[in-house]
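# Observations on the three-dimensional arrangement
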Amino acid sequence: MSISSAFNNAASGLRATSRLASTISNNVSNALTAGYAKRTTSLGSSSAGGVGTGVTIGATTRAESIYLTTERRLADATLASTTAQSDAYDRLMTAMGEAGVDGSLSANATALETALMAAVASPQSTTILTQAMDSARNLVASLNAIANEASTLRTEADTAIARQVSKVNENLRRIDDLNSRIQNLDLQGVDTLSLKDERGLLIDGISSIIPVRAVNRSGGQVAIYTQNGAALLDGTVWELSFDAAPTTVTYDLTVGNGALGGLRQDQGAFSGLVDITTGTGTGAMDGGSLSALFQIRDRLVPEFTAEVDGFANDLIGRFRDLMPAAALDGAGNGLFVDATGSGTTGLSSRIAVNAAADPDQGGYVWRLRDGLSAVTEGTAGNASVLQTMTDAMAQSRQPTGLISQSARANSATMASEISAFFAGKAARSDDDLAFITARQATLSEQELNFTGVDSDSELEYLTMVEQAYAANAKVLTTIDNLMQLLLEM
(Lines give C-alpha, C1' and ligand atoms only; values in the text may rest on other atoms or scores of the structure.)
Protein backbone atom coordinates (compact mmCIF):
# COMPACT_ATOMS: atom_id res chain seq x y z
CA MET A 1 0.00 0.00 0.00
CA SER A 2 1.38 3.42 -0.90
CA ILE A 3 1.73 6.18 1.65
CA SER A 4 -0.88 8.24 -0.23
CA SER A 5 -3.36 5.36 -0.10
CA ALA A 6 -2.76 4.93 3.61
CA PHE A 7 -3.25 8.66 4.09
CA ASN A 8 -6.54 8.65 2.19
CA ASN A 9 -7.81 5.64 4.13
CA ALA A 10 -7.00 7.20 7.49
CA ALA A 11 -8.40 10.59 6.52
CA SER A 12 -11.67 9.06 5.36
CA GLY A 13 -11.78 7.08 8.61
CA LEU A 14 -11.44 10.29 10.61
CA ARG A 15 -14.23 11.92 8.63
CA ALA A 16 -16.49 8.90 9.14
CA THR A 17 -15.85 8.64 12.87
CA SER A 18 -16.42 12.39 13.22
CA ARG A 19 -19.80 12.02 11.51
CA LEU A 20 -20.68 9.03 13.70
CA ALA A 21 -19.71 10.94 16.83
CA SER A 22 -21.93 13.84 15.72
CA THR A 23 -24.88 11.48 15.15
CA ILE A 24 -24.39 9.77 18.50
CA SER A 25 -24.10 13.03 20.41
CA ASN A 26 -27.29 14.26 18.72
CA ASN A 27 -29.07 11.07 19.79
CA VAL A 28 -27.89 11.33 23.39
CA SER A 29 -28.77 15.01 23.69
CA ASN A 30 -32.31 14.31 22.38
CA ALA A 31 -32.92 11.13 24.36
CA LEU A 32 -35.77 12.82 26.27
CA THR A 33 -37.12 14.93 23.41
CA ALA A 34 -40.72 14.05 22.58
CA GLY A 35 -41.12 12.68 19.06
CA TYR A 36 -37.39 12.34 18.44
CA ALA A 37 -36.45 9.18 16.55
CA LYS A 38 -32.97 7.69 16.83
CA ARG A 39 -30.60 8.60 13.98
CA THR A 40 -28.30 6.10 12.32
CA THR A 41 -25.49 7.02 9.91
CA SER A 42 -24.51 4.27 7.51
CA LEU A 43 -20.94 3.65 6.35
CA GLY A 44 -19.56 1.75 3.40
CA SER A 45 -16.16 0.75 2.04
CA SER A 46 -14.77 2.17 -1.18
CA SER A 47 -12.17 0.73 -3.53
CA ALA A 48 -10.50 1.43 -6.84
CA GLY A 49 -8.92 -1.25 -8.97
CA GLY A 50 -9.45 -3.83 -6.27
CA VAL A 51 -7.59 -1.71 -3.72
CA GLY A 52 -9.36 -0.23 -0.72
CA THR A 53 -9.54 3.55 -0.76
CA GLY A 54 -11.19 4.13 2.60
CA VAL A 55 -14.70 4.51 3.94
CA THR A 56 -17.70 6.31 2.47
CA ILE A 57 -20.34 8.08 4.56
CA GLY A 58 -23.92 7.17 3.68
CA ALA A 59 -27.23 8.77 4.62
CA THR A 60 -28.35 9.51 8.16
CA THR A 61 -31.82 8.03 8.68
CA ARG A 62 -34.51 7.99 11.36
CA ALA A 63 -35.44 4.77 13.08
CA GLU A 64 -39.06 3.95 12.35
CA SER A 65 -41.45 1.02 12.43
CA ILE A 66 -44.55 1.63 10.35
CA TYR A 67 -46.32 -1.34 11.94
CA LEU A 68 -45.63 -0.42 15.57
CA THR A 69 -46.37 3.27 15.04
CA THR A 70 -49.65 2.50 13.27
CA GLU A 71 -50.74 0.06 15.95
CA ARG A 72 -49.78 2.47 18.72
CA ARG A 73 -51.73 5.28 17.07
CA LEU A 74 -54.80 3.05 16.80
CA ALA A 75 -54.39 2.21 20.48
CA ASP A 76 -54.13 5.95 21.24
CA ALA A 77 -57.48 6.48 19.52
CA THR A 78 -59.17 3.60 21.31
CA LEU A 79 -57.77 4.74 24.64
CA ALA A 80 -59.00 8.30 24.12
CA SER A 81 -62.45 7.04 23.13
CA THR A 82 -62.74 4.63 26.05
CA THR A 83 -61.45 7.23 28.52
CA ALA A 84 -64.04 9.78 27.40
CA GLN A 85 -66.91 7.30 27.76
CA SER A 86 -65.64 5.94 31.08
CA ASP A 87 -65.35 9.47 32.49
CA ALA A 88 -68.89 10.26 31.32
CA TYR A 89 -70.30 7.17 33.04
CA ASP A 90 -68.36 7.96 36.21
CA ARG A 91 -69.79 11.48 36.34
CA LEU A 92 -73.34 10.31 35.71
CA MET A 93 -73.04 7.61 38.36
CA THR A 94 -71.60 10.14 40.80
CA ALA A 95 -74.64 12.34 40.21
CA MET A 96 -77.03 9.41 40.66
CA GLY A 97 -75.15 7.81 43.51
CA GLU A 98 -74.59 4.15 44.25
CA ALA A 99 -77.76 2.28 45.16
CA GLY A 100 -78.37 2.40 48.91
CA VAL A 101 -75.72 5.02 49.64
CA ASP A 102 -76.88 8.15 51.46
CA GLY A 103 -77.76 10.92 49.04
CA SER A 104 -78.26 8.58 46.09
CA LEU A 105 -81.45 8.51 44.04
CA SER A 106 -82.50 5.12 45.41
CA ALA A 107 -81.67 6.12 49.00
CA ASN A 108 -83.74 9.28 48.66
CA ALA A 109 -86.67 7.27 47.27
CA THR A 110 -86.42 4.89 50.22
CA ALA A 111 -86.14 7.84 52.61
CA LEU A 112 -89.39 9.33 51.27
CA GLU A 113 -91.23 6.05 51.74
CA THR A 114 -89.85 5.77 55.28
CA ALA A 115 -90.80 9.38 56.08
CA LEU A 116 -94.35 8.82 54.83
CA MET A 117 -94.62 5.70 56.98
CA ALA A 118 -93.50 7.75 59.99
CA ALA A 119 -96.13 10.38 59.13
CA VAL A 120 -98.81 7.68 59.01
CA ALA A 121 -97.84 6.72 62.55
CA SER A 122 -97.92 10.35 63.75
CA PRO A 123 -100.13 12.35 61.38
CA GLN A 124 -100.61 15.10 63.95
CA SER A 125 -96.87 15.90 64.12
CA THR A 126 -95.93 18.96 62.11
CA THR A 127 -92.26 18.05 62.56
CA ILE A 128 -92.71 14.62 60.99
CA LEU A 129 -94.82 16.07 58.17
CA THR A 130 -92.03 18.58 57.55
CA GLN A 131 -89.52 15.73 57.45
CA ALA A 132 -91.68 13.99 54.85
CA MET A 133 -91.73 17.17 52.77
CA ASP A 134 -87.95 17.47 53.12
CA SER A 135 -87.60 13.91 51.85
CA ALA A 136 -89.80 14.74 48.86
CA ARG A 137 -87.62 17.78 48.14
CA ASN A 138 -84.44 15.68 48.41
CA LEU A 139 -85.80 13.17 45.91
CA VAL A 140 -86.67 15.98 43.48
CA ALA A 141 -83.23 17.54 44.07
CA SER A 142 -81.58 14.22 43.15
CA LEU A 143 -83.48 14.06 39.88
CA ASN A 144 -82.75 17.70 39.08
CA ALA A 145 -79.05 17.25 39.90
CA ILE A 146 -78.80 14.26 37.58
CA ALA A 147 -80.47 16.25 34.80
CA ASN A 148 -78.13 19.21 35.39
CA GLU A 149 -75.05 16.99 35.26
CA ALA A 150 -76.33 15.37 32.07
CA SER A 151 -76.83 18.78 30.49
CA THR A 152 -73.34 19.84 31.60
CA LEU A 153 -71.83 16.71 30.12
CA ARG A 154 -73.55 17.24 26.78
CA THR A 155 -72.50 20.90 26.73
CA GLU A 156 -68.89 20.02 27.50
CA ALA A 157 -68.92 17.31 24.84
CA ASP A 158 -70.27 19.77 22.27
CA THR A 159 -67.57 22.29 23.17
CA ALA A 160 -64.86 19.63 23.07
CA ILE A 161 -66.02 18.50 19.62
CA ALA A 162 -65.53 22.01 18.28
CA ARG A 163 -62.11 22.22 19.90
CA GLN A 164 -60.98 18.86 18.53
CA VAL A 165 -62.22 19.59 15.01
CA SER A 166 -60.23 22.82 15.10
CA LYS A 167 -57.12 20.95 16.28
CA VAL A 168 -57.43 18.32 13.55
CA ASN A 169 -57.73 21.01 10.87
CA GLU A 170 -54.78 22.96 12.26
CA ASN A 171 -52.58 19.86 12.43
CA LEU A 172 -53.55 18.84 8.89
CA ARG A 173 -52.61 22.26 7.56
CA ARG A 174 -49.26 22.15 9.38
CA ILE A 175 -48.54 18.64 8.11
CA ASP A 176 -49.34 19.77 4.58
CA ASP A 177 -46.90 22.65 4.99
CA LEU A 178 -44.23 20.29 6.35
CA ASN A 179 -44.80 17.97 3.40
CA SER A 180 -43.98 20.80 1.02
CA ARG A 181 -40.93 21.91 3.00
CA ILE A 182 -39.57 18.36 3.28
CA GLN A 183 -39.98 17.77 -0.44
CA ASN A 184 -38.22 21.02 -1.34
CA LEU A 185 -35.37 20.54 1.11
CA ASP A 186 -34.85 16.92 0.05
CA LEU A 187 -34.30 18.13 -3.51
CA GLN A 188 -31.61 20.50 -2.18
CA GLY A 189 -29.94 17.75 -0.16
CA VAL A 190 -30.78 19.44 3.17
CA ASP A 191 -31.37 17.31 6.27
CA THR A 192 -35.14 17.04 6.92
CA LEU A 193 -35.13 14.53 9.78
CA SER A 194 -36.14 17.10 12.41
CA LEU A 195 -39.05 18.18 10.25
CA LYS A 196 -40.15 14.55 10.01
CA ASP A 197 -40.01 14.32 13.82
CA GLU A 198 -42.27 17.36 14.03
CA ARG A 199 -44.62 15.89 11.46
CA GLY A 200 -44.85 12.65 13.40
CA LEU A 201 -45.90 14.53 16.53
CA LEU A 202 -48.60 16.35 14.58
CA ILE A 203 -49.94 13.04 13.25
CA ASP A 204 -49.92 11.70 16.82
CA GLY A 205 -51.99 14.72 17.82
CA ILE A 206 -54.64 13.71 15.29
CA SER A 207 -54.50 9.98 15.99
CA SER A 208 -56.06 10.14 19.45
CA ILE A 209 -58.94 12.22 18.06
CA ILE A 210 -59.45 10.22 14.86
CA PRO A 211 -57.64 6.91 14.25
CA VAL A 212 -55.42 7.50 11.22
CA ARG A 213 -52.89 5.78 9.00
CA ALA A 214 -49.99 7.63 7.41
CA VAL A 215 -49.12 6.52 3.87
CA ASN A 216 -45.70 7.42 2.44
CA ARG A 217 -45.68 9.30 -0.83
CA SER A 218 -42.83 10.31 -3.14
CA GLY A 219 -40.58 13.17 -2.14
CA GLY A 220 -40.77 12.34 1.57
CA GLN A 221 -44.43 13.38 1.79
CA VAL A 222 -47.17 11.50 3.61
CA ALA A 223 -50.89 11.10 3.01
CA ILE A 224 -53.28 10.65 5.93
CA TYR A 225 -56.37 8.48 5.89
CA THR A 226 -58.66 7.46 8.71
CA GLN A 227 -58.73 3.88 9.86
CA ASN A 228 -62.09 3.47 8.10
CA GLY A 229 -60.79 4.83 4.80
CA ALA A 230 -61.72 8.53 4.70
CA ALA A 231 -59.13 10.90 3.21
CA LEU A 232 -57.89 13.73 5.41
CA LEU A 233 -54.74 14.73 3.53
CA ASP A 234 -53.40 13.55 0.21
CA GLY A 235 -51.96 16.46 -1.70
CA THR A 236 -55.01 18.42 -0.49
CA VAL A 237 -56.31 18.99 3.02
CA TRP A 238 -59.91 17.78 3.40
CA GLU A 239 -60.94 19.93 6.36
CA LEU A 240 -63.67 19.10 8.85
CA SER A 241 -66.33 21.53 10.07
CA PHE A 242 -68.66 21.64 13.04
CA ASP A 243 -71.06 24.25 14.39
CA ALA A 244 -71.00 24.32 18.18
CA ALA A 245 -74.20 24.94 20.11
CA PRO A 246 -74.50 28.64 21.04
CA THR A 247 -75.97 27.85 24.46
CA THR A 248 -76.14 25.13 27.08
CA VAL A 249 -77.14 21.79 25.56
CA THR A 250 -80.45 21.01 27.24
CA TYR A 251 -82.54 17.86 26.87
CA ASP A 252 -84.61 19.29 24.01
CA LEU A 253 -81.62 20.00 21.73
CA THR A 254 -80.85 17.20 19.28
CA VAL A 255 -79.29 16.67 15.89
CA GLY A 256 -82.63 15.38 14.66
CA ASN A 257 -84.45 18.65 15.29
CA GLY A 258 -81.58 20.69 13.89
CA ALA A 259 -80.64 22.30 17.20
CA LEU A 260 -77.24 20.56 17.39
CA GLY A 261 -74.56 20.41 14.74
CA GLY A 262 -73.11 17.29 13.17
CA LEU A 263 -69.69 16.64 11.67
CA ARG A 264 -69.11 17.67 8.06
CA GLN A 265 -66.15 17.51 5.69
CA ASP A 266 -65.21 19.78 2.82
CA GLN A 267 -64.64 17.35 -0.03
CA GLY A 268 -63.84 19.91 -2.67
CA ALA A 269 -65.67 22.03 -5.21
CA PHE A 270 -67.48 19.06 -6.71
CA SER A 271 -68.99 17.62 -3.50
CA GLY A 272 -68.78 20.56 -1.11
CA LEU A 273 -69.62 20.05 2.56
CA VAL A 274 -70.66 16.45 3.18
CA ASP A 275 -72.34 15.20 6.36
CA ILE A 276 -70.24 12.58 8.16
CA THR A 277 -72.04 10.01 10.30
CA THR A 278 -70.23 9.95 13.63
CA GLY A 279 -70.61 8.19 16.94
CA THR A 280 -72.11 4.94 15.64
CA GLY A 281 -68.84 3.00 15.82
CA THR A 282 -68.73 2.35 12.06
CA GLY A 283 -68.53 5.87 10.64
CA ALA A 284 -65.62 7.12 8.57
CA MET A 285 -64.25 9.19 11.46
CA ASP A 286 -65.17 6.82 14.31
CA GLY A 287 -62.81 5.15 16.75
CA GLY A 288 -61.22 8.05 18.64
CA SER A 289 -62.19 10.71 21.13
CA LEU A 290 -64.12 12.73 18.52
CA SER A 291 -66.62 9.97 17.84
CA ALA A 292 -66.81 9.24 21.59
CA LEU A 293 -67.82 12.85 22.24
CA PHE A 294 -70.59 12.61 19.66
CA GLN A 295 -71.71 9.37 21.25
CA ILE A 296 -71.73 10.97 24.70
CA ARG A 297 -73.68 13.99 23.50
CA ASP A 298 -76.19 12.20 21.30
CA ARG A 299 -76.55 8.66 22.67
CA LEU A 300 -74.91 7.81 25.98
CA VAL A 301 -76.23 10.72 28.04
CA PRO A 302 -79.70 10.79 26.42
CA GLU A 303 -80.07 7.05 27.11
CA PHE A 304 -79.18 7.66 30.75
CA THR A 305 -81.50 10.62 31.17
CA ALA A 306 -84.33 8.76 29.44
CA GLU A 307 -84.24 6.22 32.27
CA VAL A 308 -84.22 8.93 34.91
CA ASP A 309 -87.03 10.74 33.10
CA GLY A 310 -88.96 7.48 33.10
CA PHE A 311 -88.50 7.17 36.85
CA ALA A 312 -89.65 10.78 37.34
CA ASN A 313 -92.71 10.06 35.20
CA ASP A 314 -93.50 6.97 37.26
CA LEU A 315 -93.10 8.99 40.45
CA ILE A 316 -95.52 11.67 39.30
CA GLY A 317 -97.95 8.97 38.17
CA ARG A 318 -97.86 7.14 41.50
CA PHE A 319 -98.90 10.22 43.44
CA ARG A 320 -101.54 11.13 40.89
CA ASP A 321 -103.05 7.93 39.48
CA LEU A 322 -103.02 5.91 42.70
CA MET A 323 -104.47 8.65 44.90
CA PRO A 324 -108.11 9.50 45.66
CA ALA A 325 -109.40 12.72 44.09
CA ALA A 326 -109.61 14.35 47.53
CA ALA A 327 -105.83 13.99 47.92
CA LEU A 328 -105.02 15.89 44.70
CA ASP A 329 -104.89 19.61 44.05
CA GLY A 330 -107.48 21.48 42.01
CA ALA A 331 -105.71 20.64 38.73
CA GLY A 332 -105.59 16.93 39.52
CA ASN A 333 -101.88 16.88 40.41
CA GLY A 334 -100.33 14.87 43.21
CA LEU A 335 -97.28 15.47 45.39
CA PHE A 336 -94.97 15.74 42.37
CA VAL A 337 -95.64 17.84 39.28
CA ASP A 338 -94.12 18.70 35.91
CA ALA A 339 -93.31 22.29 36.73
CA THR A 340 -92.71 23.89 33.34
CA GLY A 341 -93.51 21.52 30.52
CA SER A 342 -95.14 18.34 29.35
CA GLY A 343 -94.11 14.92 28.14
CA THR A 344 -91.59 12.48 29.53
CA THR A 345 -88.46 13.75 27.78
CA GLY A 346 -86.51 16.03 30.11
CA LEU A 347 -88.95 15.43 32.97
CA SER A 348 -86.16 14.86 35.50
CA SER A 349 -85.07 18.48 34.97
CA ARG A 350 -88.63 19.82 35.40
CA ILE A 351 -90.07 17.70 38.19
CA ALA A 352 -90.92 19.64 41.33
CA VAL A 353 -92.79 19.26 44.61
CA ASN A 354 -96.38 20.50 44.50
CA ALA A 355 -96.42 24.05 45.81
CA ALA A 356 -99.63 23.42 47.74
CA ALA A 357 -97.75 21.38 50.36
CA ASP A 358 -94.38 23.10 50.18
CA PRO A 359 -93.86 25.91 52.73
CA ASP A 360 -90.98 27.24 50.61
CA GLN A 361 -93.50 27.93 47.84
CA GLY A 362 -96.23 29.31 50.10
CA GLY A 363 -97.93 25.97 50.83
CA TYR A 364 -98.65 24.05 54.02
CA VAL A 365 -97.26 20.67 55.07
CA TRP A 366 -100.56 19.68 56.68
CA ARG A 367 -101.95 19.27 53.15
CA LEU A 368 -99.87 16.09 52.95
CA ARG A 369 -102.29 14.76 55.55
CA ASP A 370 -105.51 16.51 54.57
CA GLY A 371 -105.24 16.65 50.76
CA LEU A 372 -103.49 19.07 48.44
CA SER A 373 -106.71 20.98 47.68
CA ALA A 374 -107.67 21.36 51.36
CA VAL A 375 -108.46 24.94 52.34
CA THR A 376 -108.25 24.41 56.09
CA GLU A 377 -106.65 21.83 58.33
CA GLY A 378 -108.63 18.68 58.88
CA THR A 379 -108.59 16.14 61.67
CA ALA A 380 -105.04 15.88 63.00
CA GLY A 381 -105.26 12.13 63.58
CA ASN A 382 -106.56 11.21 60.11
CA ALA A 383 -103.75 9.37 58.29
CA SER A 384 -105.76 7.96 55.38
CA VAL A 385 -104.23 10.22 52.73
CA LEU A 386 -100.73 9.63 54.10
CA GLN A 387 -101.38 5.88 54.05
CA THR A 388 -102.42 6.12 50.41
CA MET A 389 -99.18 7.97 49.62
CA THR A 390 -97.17 5.29 51.39
CA ASP A 391 -99.01 2.58 49.48
CA ALA A 392 -98.36 4.44 46.23
CA MET A 393 -94.61 4.39 46.87
CA ALA A 394 -94.66 0.71 47.82
CA GLN A 395 -96.96 -0.57 45.07
CA SER A 396 -95.35 -2.68 42.35
CA ARG A 397 -95.89 -1.10 38.95
CA GLN A 398 -94.82 -2.00 35.44
CA PRO A 399 -91.68 0.02 34.52
CA THR A 400 -93.10 1.41 31.30
CA GLY A 401 -90.50 2.72 28.86
CA LEU A 402 -87.47 1.69 30.92
CA ILE A 403 -84.69 -0.46 29.47
CA SER A 404 -83.01 -1.06 32.82
CA GLN A 405 -85.74 -3.39 34.07
CA SER A 406 -88.83 -5.29 33.05
CA ALA A 407 -90.32 -6.71 36.26
CA ARG A 408 -92.93 -4.87 38.28
CA ALA A 409 -91.38 -2.97 41.19
CA ASN A 410 -91.97 -0.32 43.81
CA SER A 411 -90.49 3.13 43.48
CA ALA A 412 -87.31 2.55 45.52
CA THR A 413 -86.59 -0.70 43.68
CA MET A 414 -87.01 1.01 40.32
CA ALA A 415 -84.44 3.61 41.35
CA SER A 416 -82.07 0.85 42.52
CA GLU A 417 -82.46 -1.06 39.26
CA ILE A 418 -81.64 2.02 37.20
CA SER A 419 -78.56 2.60 39.33
CA ALA A 420 -77.46 -1.04 39.05
CA PHE A 421 -78.03 -1.07 35.28
CA PHE A 422 -75.78 1.91 34.62
CA ALA A 423 -73.30 0.88 37.30
CA GLY A 424 -72.84 -2.28 35.22
CA LYS A 425 -72.25 -0.23 32.08
CA ALA A 426 -69.77 1.96 33.97
CA ALA A 427 -67.94 -1.11 35.31
CA ARG A 428 -67.65 -2.62 31.83
CA SER A 429 -66.36 0.68 30.53
CA ASP A 430 -63.76 0.77 33.32
CA ASP A 431 -62.71 -2.80 32.48
CA ASP A 432 -62.31 -1.84 28.83
CA LEU A 433 -60.29 1.18 29.89
CA ALA A 434 -57.94 -0.93 32.02
CA PHE A 435 -57.36 -3.34 29.12
CA ILE A 436 -56.74 -0.73 26.45
CA THR A 437 -54.53 1.32 28.79
CA ALA A 438 -52.30 -1.71 29.29
CA ARG A 439 -52.27 -2.45 25.55
CA GLN A 440 -51.46 1.13 24.62
CA ALA A 441 -48.64 1.23 27.19
CA THR A 442 -47.19 -2.02 25.80
CA LEU A 443 -47.29 -0.77 22.22
CA SER A 444 -45.78 2.58 23.23
CA GLU A 445 -42.94 0.78 24.99
CA GLN A 446 -42.31 -1.50 22.01
CA GLU A 447 -42.27 1.47 19.64
CA LEU A 448 -39.95 3.40 21.94
CA ASN A 449 -37.58 0.44 22.19
CA PHE A 450 -37.39 0.38 18.40
CA THR A 451 -37.29 4.09 17.56
CA GLY A 452 -36.15 5.72 20.79
CA VAL A 453 -32.64 6.44 22.03
CA ASP A 454 -30.95 3.93 24.35
CA SER A 455 -28.32 6.10 26.03
CA ASP A 456 -26.33 3.13 27.29
CA SER A 457 -25.96 1.53 23.88
CA GLU A 458 -25.23 4.90 22.28
CA LEU A 459 -22.42 5.58 24.77
CA GLU A 460 -21.08 2.06 24.23
CA TYR A 461 -21.06 2.70 20.50
CA LEU A 462 -19.38 6.06 21.09
CA THR A 463 -16.53 4.23 22.84
CA MET A 464 -16.00 2.11 19.74
CA VAL A 465 -16.05 5.23 17.56
CA GLU A 466 -13.50 6.85 19.86
CA GLN A 467 -11.21 3.85 19.48
CA ALA A 468 -11.61 3.92 15.69
CA TYR A 469 -10.85 7.64 15.66
CA ALA A 470 -7.74 7.11 17.74
CA ALA A 471 -6.60 4.28 15.46
CA ASN A 472 -7.02 6.43 12.34
CA ALA A 473 -5.23 9.29 14.04
CA LYS A 474 -2.37 6.90 14.91
CA VAL A 475 -2.13 5.91 11.26
CA LEU A 476 -1.80 9.56 10.28
CA THR A 477 0.85 10.07 12.95
CA THR A 478 2.81 7.09 11.61
CA ILE A 479 2.53 8.43 8.06
CA ASP A 480 3.82 11.79 9.28
CA ASN A 481 6.81 10.12 10.91
CA LEU A 482 7.58 8.22 7.72
CA MET A 483 7.39 11.40 5.68
CA GLN A 484 9.77 13.09 8.08
CA LEU A 485 12.25 10.22 7.68
CA LEU A 486 12.01 10.41 3.93
CA LEU A 487 12.63 14.16 3.93
CA GLU A 488 15.67 13.77 6.18
CA MET A 489 17.33 11.19 3.92
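Computed from a predicted structure; not experimentally measured.

### Structural notes on the overall build of the chain
Scanning the chain from N- to C-terminus turns up 12 helices and 10 strands. Along the first, second and third principal axes, the C-alpha set of the chain runs to 140 × 50 × 35 Å. Residue burial in the chain is summarised as follows: out of 489 residues, 45% are buried. For the chain, the computed accessible surface area is about 23000 Å², with 52% contributed by carbon and sulfur atoms.

### A closer look at helix α10 (residues 384-394)
Among the residues of α10, Val-385, Leu-386, Thr-388, Met-389, Thr-390, Ala-392 and Met-393 are the ones counted as buried. Elements in contact with the buried residues of α10: α3 (105-121), α4 (126-187), α7 (289-321), α9 (367-370) and α11 (411-451).

### Side note on the environment of Thr-248
Position of Thr-248 among the secondary structure elements: in the loop between β6 (240-241) and β7 (263-266). Counting along the chain gives 97 residues from Thr-248 to Ser-151, while the straight-line C-alpha distance between them is 7.2 Å. For Thr-248, the residues in contact, after removing those within four places along its chain, are Ser-151, Thr-155 and Leu-253.

### Here's the deal with the pattern of salt bridges
The full count for this structure, using the stated rule, is 28 salt bridges. Where Asp-298 meets Arg-297, a salt bridge forms, and the shortest distance between an N and an O atom there is 2.7 Å. On the basis of relative accessible area, Asp-298 is assigned to the partly exposed category, the value being 23%. Note on Arg-297: relative accessible area 0%, which makes it buried.

### A closer look at α11
Taking 1.5 Å per residue as the helical rise, α11 with its 41 residues ought to reach 60 Å, and the 59 Å between its terminal C-alpha atoms agrees with that figure. One side-chain oxygen at the N-terminal end of α11 lies 3.3 Å from the backbone nitrogen of Ala-412; it belongs to Asn-410.

### A closer look at the pairing of strand β1 (residues 39-48)
The pairing of β1 with strand β2 (residues 51-62) spans 9 bridges and is classified as antiparallel. Residue Arg-39 lies in a different strand from β2, and its bridge partner there is Arg-62. Counting the residues that bridge the hairpin from β1 to β2 gives 2 residues, and of these Gly-49 lies at a positive phi of roughly 65 degrees.

### Notes on the side chain of Thr-305
Considering the arrangement of structural elements, one finds Thr-305 in helix α7. A residue is classified by how much of its surface remains accessible, and Thr-305, at 15% relative accessible area, is buried.

### Here's the deal with the packing of aromatic side chains
The way to describe two aromatic rings as a pair is by their centre distance and the angle between their planes. Tallied over the full model, the rule gives 5 aromatic pairs. Taking 4.7 Å as the distance between ring centres and 65 degrees as the angle between the ring planes, the aromatic pair formed by Phe-304 and Phe-422 counts as edge-to-face. With Phe-304 in helix α7 and Phe-422 in helix α11, this pair connects stretches of sequence that are 118 residues apart. The exposure classification of Phe-304 matches that of Phe-422, with both residues buried. Pairing Phe-319 with Phe-336 gives two aromatic rings, centres 5.2 Å apart and planes at 75 degrees, and the pair type is edge-to-face. With a gap of 17 residues between them, Phe-319 in helix α7 and Phe-336 in strand β9 (residues 336-338) connect regions that are remote in the sequence. A relative accessible area of 0% places Phe-336 in the buried class. Following the ring pairs from residue to residue traces out a cluster consisting of Phe-304, Phe-421 and Phe-422.

### Description of the packing of α3 against α10
Running from N to C, α3 and α10 cross one another at 155 degrees; their axes reach a closest spacing of 9 Å. As far as their axial angle goes, α10 and α3 are roughly antiparallel. The element α3 and its partner α10 pack so that their crossing is left-handed. Listed contacts from α10 to Ala-109, Leu-112, Glu-113, Leu-116, Met-117, Ala-119 and Val-120 of α3 are Leu-386, Gln-387, Met-389, Thr-390, Met-393 and Ala-394. Here the contact of α3 with α10 is built from residues that sort into 10 nonpolar, 2 polar and 1 charged.

### Overview of the side chain of Thr-23
Of note, Thr-23 is situated in helix α1 (residues 3-29). Residue class for Thr-23 comes out buried when judged on its relative accessible area of 9%. Setting aside its immediate chain neighbours within four residues, Thr-23 contacts Arg-39, Thr-40, Thr-41 and Thr-60.

### Some remarks on a negative patch on the surface
On the surface, a cluster of negative charge is contributed by Asp-87, Asp-90, Asp-430, Asp-431 and Asp-432. Within the residue set of the negative patch, elements represented by two or more residues are α2 (66-96) and α11. When residues in the negative patch are grouped by element, the largest group, 3 residues, is from α11. Along the polypeptide, Asp-430 turns up in helix α11.

### Some words on the nonpolar core
With 92 residues, the main nonpolar core has Phe-311, Leu-315, Phe-319, Phe-336 and Leu-368 as its most contacted residues. When residues of this core are assigned to their parent elements, the largest contribution, 20 residues, is made by α4.

### Overview of the packing of α4 against α7
At a minimum axis separation of 9 Å, α4 and α7 run at an interaxial angle of 165 degrees. Taken together, the axes of α4 and α7 lie roughly antiparallel to each other. Between α4 and α7 the crossing geometry is left-handed. Each residue belonging to the contact of α4 with α7 can be placed in one class, and the counts come to 20 nonpolar, 3 polar and 4 charged.

### With respect to the sheet that holds β7
As summarised here, the arrangement of the 3 strands in space is β6-β7-β8, forming an open sheet in which the pairing is antiparallel. Both outer strands of the open sheet, β6 and β8 (273-276), are each paired with one neighbouring strand and no more.

### Some thoughts on the environment of Leu-263
Here Leu-263 lies in strand β7. Among the residues examined, Leu-263 registers a relative accessible area of 2% and is labelled buried. A sequence separation of 128 residues divides Leu-263 from Asp-391, and the C-alpha atoms of the two residues are 50 Å apart. Other than its neighbours up to four places away in sequence, Leu-263 contacts Val-165, Leu-240, Ser-241, Phe-242, Val-274, Asp-275, Ile-276, Thr-278, Met-285, Leu-290 and Phe-294.

How each quantity is defined
- Residues numbered from 1 in each chain as written.
- Predicted model: local features only at pLDDT ≥ 70, side-chain atom pairs only at ≥ 80, totals over all residues.
- Heavy atoms only, no water.
- Helix = DSSP H or I, 4+ residues; strand = E, 2+ residues; numbered from the N terminus.
- Buried < 20%, exposed > 50% of the residue type's maximum accessible area, 1.4 Å probe, protein only.
- Areas by Shrake-Rupley, 256 points an atom, 1.4 Å probe, with all protein chains shown as cover.
- Contact = heavy atoms within 4.5 Å.
- Salt bridge = Lys/Arg side-chain N within 4 Å of Asp/Glu carboxyl O.
- Expected span 1.5 Å × (residues − 1).
- Polar contact = N/O pair within 3.5 Å; in protein donor to acceptor, adjacent residues only side chain to side chain.
- Pairing = 2+ DSSP bridges.
- Phe/Tyr/Trp six-rings, centres within 6.5 Å; stacked < 30°, edge-to-face > 60°.
- Axes fitted to C-alpha atoms, helices over the stretch in contact; angles between N-to-C directions.
- Parallel < 35°, antiparallel > 145°, perpendicular 65-115°, else oblique.
- Left-handed = near helix turned anticlockwise from the far one by under 90°.
- Nonpolar A, V, L, I, M, F, W, Y, C, P; charged D, E, K, R; others polar.
- Patch = residues over 30% accessible without salt bridge, like charges linked within 9 Å, V, L, I, M, F, W, Y side chains within 5 Å.
- Lys, Arg positive; Asp, Glu negative; His and termini not counted.
- Charge placed at Lys NZ, Arg CZ, Asp CG, Glu CD.
- Core = buried A, V, L, I, M, F, W, Y, C linked by side-chain atoms within 4.5 Å.

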